[in-house]
There are 2 protein chains.
Amino acid sequence: METELTKTNSLAEELRAAVDRNFDDQVAFLARLVQFRSLRGQEAPLQAWMAERLAERGYKVDAFSLADVDLMSHPKAAPMDGIDLAGSRQVVATYDGDGKGRSLIMQGHIDVVPEGPVDFWDIPPFDGVVRDGWLHGRGAQDMKAGVSAMIYALDAIRAAGYAPQGRIHLQTVTEEESTGNGALSTLMRGYRADACLIPEPIGHKLLRAQVGAIWFRVRVRGTPAHVAYSETGTSAILSAMHVIRAFQDYTKRLNEQAVDHPWFKTVKSPIKFNVGIIKGGDWASSTAAWCEFDCRLGLLPGTSPQEAMRGIEKCLADAQSTDSFLSSNPAELIWSGFQADPSVLEPGSEAEQVLASVHQVVFNEPMQLQIGTAVTDTRYYKVDYGIPALCYGHYGIGPHAFNERVDLESVRKITLSIALFVSNWCGLKKL
Amino acid sequence: METELTKTNSLAEELRAAVDRNFDDQVAFLARLVQFRSLRGQEAPLQAWMAERLAERGYKVDAFSLADVDLMSHPKAAPMDGIDLAGSRQVVATYDGDGKGRSLIMQGHIDVVPEGPVDFWDIPPFDGVVRDGWLHGRGAQDMKAGVSAMIYALDAIRAAGYAPQGRIHLQTVTEEESTGNGALSTLMRGYRADACLIPEPIGHKLLRAQVGAIWFRVRVRGTPAHVAYSETGTSAILSAMHVIRAFQDYTKRLNEQAVDHPWFKTVKSPIKFNVGIIKGGDWASSTAAWCEFDCRLGLLPGTSPQEAMRGIEKCLADAQSTDSFLSSNPAELIWSGFQADPSVLEPGSEAEQVLASVHQVVFNEPMQLQIGTAVTDTRYYKVDYGIPALCYGHYGIGPHAFNERVDLESVRKITLSIALFVSNWCGLKKL
């Protein structure tokens, strides 16, 4: 008797074989992706290459830029901090299917964060080297491996002699690491589906809840003076240190209030504050005339980005009020990127059930849940467009760090998981 | 009966008239000097122009660079931190006299410190604008006004119909704000005299004692991580803040030990620590992988630069030993400029007596003394070459600050003071 399970198991074996046959190609594809140094504002060459790769697979390709939608009219658009809208290109490849199955968006970001000083890497960050089963490089894990998985999952279905029935939009976007405007633009462009899957590197788990995040820049000025008379000047660097300490204290208080949070109570200090960039001063023997620093502060479900921003303003104002110089020379506060909603994947969706069942087949264990202290693009689909959005992907080491790398066996399994998910969600027909 | 005093008073009137006649020219000359943006490493155009101005006055001009002496063989040479030796040009203009008077070096530096953000200035920093009796701009006070004074003092003597008898070297140098290697190179080039006068802006006083200074750069690294997992990373920016606080505490202890210092006991906290430049991190949502900051720490007479450097090393080592990350990932310490001796102008020199007497004539009050918390080039002449070196000059506002400016009436008086000093020190003959 052929049951659903044996059907799935038999299909799984066919798809597994197809994923395996293509896997050397997939690794080469992923290495090529890593070799594009697709830092923010520099993603266009990769996206042009990607559009060609997707077009040659027979998909309808829509390549557009953030300037092609009325981005800033959207209430959830985040400030671009000087990045050229027209240079930030998005790619949506559409497979139409026969319209009989459920539709699906699969989306991955191809922007990567800066690699930092290259001499800190054991293997050059943009060489795309494979060693001992790991593919190394900036973006290998976060999340070019996921991009390869969603593309090669569809390749495997076709290679196994099947075609999905529902419509599928394969999307590669920018801005995930800074604003989310890339993902937002695809929704503004009109792409919708019955579910969304974003294969971020979360180690074979499903993301149940995620924080939001606010980016802000604080510009402090000083009254410069020759160091010989430093008591007549005020150092903007020391003022910056004062403000940074205030934000550290504020974050501690926020985390104290979060110990009972319905989703995040199991996470120690889920609200992270980070000062990621600092610059100030021009001369060792002059008190610094200026200092600016870029920060990121998380927020939990139940708090809106607007409330978080009011909190940041108040923390800064309070810090300034206790400082004789800053109280009369207030810092400039600039919203420099993320104004990201926190979000929860509400339990019980059919999409989640389908994913859980295919995960069991591939990994031979139940799918675990993750409570995430990072932002992902899933928030727009869930919060703003009512589309169940699954964040589920491979395992790797070192996102945003030196020696970032991805476990290729994990990528292989996740590719199969996605292929099975597509098969079950969108439906399959024999070619 | 013609006394020394009436002779001086009569000469003073002749020189005063000559300074006054040339003063519009002098102000235009000073404005032109300010218009050269002679930041470190960018002084050559000004020095080329200066060599022409001095040559057209009939002086023998020796224009050379730091590469033309064996600078780094000198035990007092300070590290140049990547600045090109051949591009750092010095100008020495020699007036020979008749050899019957005492010789004199007059020296001024033409390097200026960075102007900082231009929008913080009321008047653009390199326009050389005169307003309400003040000449505005970066370097106007520190110390291009002094350079104008020493040149126009000699012009006034000639215009009044006199010629000095002793040999005079008029020198314009670089590197005063960073290493002192410009002044040192003139001594290595062989220029000597019976006294030296450096017209730095110290408000009509004579500098009795000055601090030394050490420049150093601290490079801290971090273990970057996605801010979502910031507990697995260590922020180089936060480590830098830890080290900066340690240097603030160290400076406090040094100042507590200095309350009985023979020269500096009258100065509150004479040892100044400054962190003048900071840079770190690449991305708001990554814990910073690197941070470096440039510092200046003073030292008092009785402490050698080498002792101060050992103290800096120990302060850094102690700060690192109390930090779990830094103790196993020590910062890099770079000596980035000044390794300047502190120095004292020993009371009782004839040069000082001559200056005091002409100051009384010009200002109609006794010359006051200054204990200085900044470094000047006088240290080499006094400490290393046994030449009494007088630091004495005009009044202005805002050295190293925004809206730096010099009081032109002060410049006029100091020009006369210098002319009278040259007359009395070197001797005069009628032309």
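Structure first, text after, so check above.
Every chain begins its residue count from 1, and numbering advances along the sequence as written. For this description, chains carry letters from A and ligands carry numbers from 1, given in the order in which they are written. Local features in this predicted model are restricted to residues whose pLDDT is 70 or higher, and side-chain atom pairs enter the listing and the counts only when it is 80 or higher, whereas totals over whole chains, interfaces and linings include all residues. Only hydrogens and water are removed before side-chain values are computed, so all heavy atoms of the structure are retained for them.

Some remarks on the pairing of strand β2 (residues 89-95) of chain B
All names here are of chain B.
Right, so step 1: Using a 1.4 Å probe on the protein chains alone, a residue whose accessible area is under 20% of its type maximum counts as buried, one over 50% counts as exposed, and one in between counts as partly exposed. A run of H or I in DSSP counts as a helix once it spans at least four residues, and a run of E counts as a strand once it spans at least two, with each numbered from the N terminus. Among the seven residues that make up β2, five are buried, leaving the element largely enclosed by the rest of the structure.
Right, so step 2: Strands are treated as partners if at least two bridges between them are detected by DSSP. In the sheet, strand β1 (residues 60-65) pairs with β2 via six bridges, with the strands oriented antiparallel. Pairing of Phe64 across the sheet is with Gln90, part of β2.
Right, so step 3: Pairing geometry for β2 and strand β7 (residues 168-173), over five bridges, is antiparallel. Across the sheet, the residue bridging to Val92 is Gln171, located in β7.

Digging into the environment of Ala159 of chain B
Residues and elements named next belong to chain B.
Right, so step 1: Tracing the chain through its elements places Ala159 in helix α3 (residues 140-159).
Right, so step 2: A relative accessible area of 39% places Ala159 in the partly exposed class.
Right, so step 3: The sequence separation of Ala159 and Asn22 amounts to 137 residues, and the corresponding C-alpha distance is 8.7 Å.
Right, so step 4: Any two residues whose heavy atoms approach within 4.5 Å are treated as being in contact. If near-sequence neighbours (up to four positions away) are discounted, Ala159 is found in contact with Ala18, Arg21 and Asn22.

Points about the sheet that holds strand β3 (residues 104-109) of chain B
Residues and elements named next belong to chain B.
Right, so step 1: The sheet built from six strands is open, its strands ordered β1-β2-β7-β3-β8-β16 with mixed pairing. The strands lining the two open edges of the sheet, one partner per strand, are β1 and β16 (389-391). Sheet twist, expressed as the average angle between the axes of neighbouring strands with direction ignored, equals 20°.
Right, so step 2: The strands touched by helix α2 (residues 44-55) are β1, β2 and β7; relative to β2, the strand with the most contacts, the crossing angle is about 10°. To obtain each axis, a line is fitted to C-alpha atoms, and for helices this fit is confined to the stretch in contact; angles are then taken between N-to-C directions over 0 to 180 degrees.

Brief notes about the packing of helix α4 (residues 181-188) of chain B against helix α8 (residues 378-385) of chain B
Residue and element names in this part refer to chain B.
Right, so step 1: Two elements in contact, α4 and α8, have axes whose closest approach is 9 Å; the angle formed by their N-to-C orientations is 45°. Looking at the two axes, α4 sits oblique to α8. The hand of the α4/α8 crossing is right-handed. Across the interface between the two elements, Asn181, Ala183, Leu184, Thr186, Leu187 and Met188 from α4 touch Tyr380, Tyr381 and Tyr385 from α8. Here is the rule for angles: anything less than 35 degrees is roughly parallel, anything more than 145 is roughly antiparallel, 65 through 115 is roughly perpendicular, and the remaining ranges are oblique. For a crossing to be left-handed, the near helix must be turned anticlockwise from the far one by less than a right angle; the clockwise case is right-handed.

Some points on the nonpolar core
Right, so step 1: Membership of the largest hydrophobic core comes to 96 residues, with the highest contact counts inside it found for Phe216, Phe247 and Phe293 of chain A together with Phe216, Phe247 and Phe293 of chain B.
Right, so step 2: To qualify as a nonpolar core, a set must consist of buried Ala, Val, Leu, Ile, Met, Phe, Trp, Tyr and Cys residues joined through side-chain atoms within 4.5 Å. The next biggest cluster of nonpolar side chains, apart from the first, holds 75 residues, and it includes Ile110, Tyr191, Phe421 and Val422 of chain A.

Observations concerning the interface of chain A and chain B
Size of an interface, as often reported, equals the accessible area lost when the parts are brought together.
Right, so step 1: The interface of chain A with chain B comprises 57 residues on the first partner and 57 residues on the second.
Right, so step 2: Accessible area, probed at 1.4 Å, shrinks when two parts are joined; the buried area is that loss added up over both. Between chain A and chain B, roughly 4,800 Å² of surface is buried when both sides are summed, and carbon and sulfur atoms account for 66% of that area.
Right, so step 3: Ranking the residues of chain A by area buried against chain B places Trp283, Ala284 and His400 of chain A at the top, with a combined share of 15%.
Right, so step 4: By convention in these notes, a salt bridge is any Lys or Arg side-chain nitrogen within 4 Å of a carboxyl oxygen on Asp or Glu. The tally of links between chain A and chain B comes to zero salt bridges.
Right, so step 5: N or O atoms closer than or at 3.5 Å make up a polar contact, with two conditions inside protein: a donor-capable atom paired with an acceptor-capable one, and, for residues adjacent in sequence, both atoms drawn from side chains. Summed over the shared surface of chain A and chain B, the result is 18 residue pairs in polar contact (both at pLDDT 80 or more).
Right, so step 6: Taken together, the elements giving at least two residues each to the side of chain A that touches chain B come down to β10 (212-221), α5 (236-257), β11 (273-280) and β12 (290-299) of chain A.

Thoughts on the packing of helix α7 (residues 350-363) of chain B against helix α9 (residues 408-426) of chain B
All names here are of chain B.
Right, so step 1: In contact at an axis separation of 9 Å, α7 and α9 are set at 135° when each is read in the N-to-C sense. Overall, the two elements α7 and α9 adopt an arrangement that is oblique. The two elements α7 and α9 cross, and the hand of that crossing is right-handed. Along its contact with α7, which presents Glu350, Ala351, Val354, Leu355, Val358, His359, Val361, Val362 and Phe363, the element α9 presents Lys413, Ile414, Leu416, Ser417, Leu420, Phe421, Asn424 and Trp425.
Right, so step 2: Under the grouping applied here, Gly and all other residues not named as nonpolar or charged are polar, the nonpolar ones being Ala, Val, Leu, Ile, Met, Phe, Trp, Tyr, Cys and Pro and the charged ones Asp, Glu, Lys and Arg. Counted by class, the contact of α7 with α9 contains twelve nonpolar, three polar and two charged residues.

So, the pairing of strand β7 (residues 168-173) of chain A
Residue and element names in this part refer to chain A.
Right, so step 1: β7 sits mainly inside the fold: six of its six residues count as buried.
Right, so step 2: Residues Ile168, Leu170 and Thr172 line one face of β7 and the alternating positions His169, Gln171 and Val173 line the opposite face, and both faces are buried.
Right, so step 3: In this sheet, β7 lies alongside strand β3 (residues 104-109) in parallel orientation, the contact comprising six bridges. Residue His109 lies in a different strand from β7, and its bridge partner there is Val173.

Some thoughts on the pattern of salt bridges
Right, so step 1: The final tally for this structure, using the stated rule, is 46 salt bridges over all chains.
Right, so step 2: Across the salt bridge formed by Arg102 of chain A and Glu350 of chain A, the nearest N and O atoms sit 2.7 Å from each other. Here Arg102 of chain A is found in the loop between β2 (89-95) and β3, whereas its partner Glu350 of chain A is found in helix α8 (residues 350-363), with 248 residues between them in sequence.
Right, so step 3: Between Arg219 of chain B and Glu332 of chain B there is a salt bridge, and its shortest N-O distance comes to 3.7 Å. Note that Arg219 of chain B is positioned in strand β10 (residues 212-221) and Glu332 of chain B in strand β13 (residues 332-340), a separation of 113 residues in sequence.
Right, so step 4: A relative accessible area of 34% means that Arg219 of chain B is categorised as partly exposed.
Right, so step 5: Overall, Glu332 of chain B belongs to the partly exposed group, its relative accessible area being 41%.

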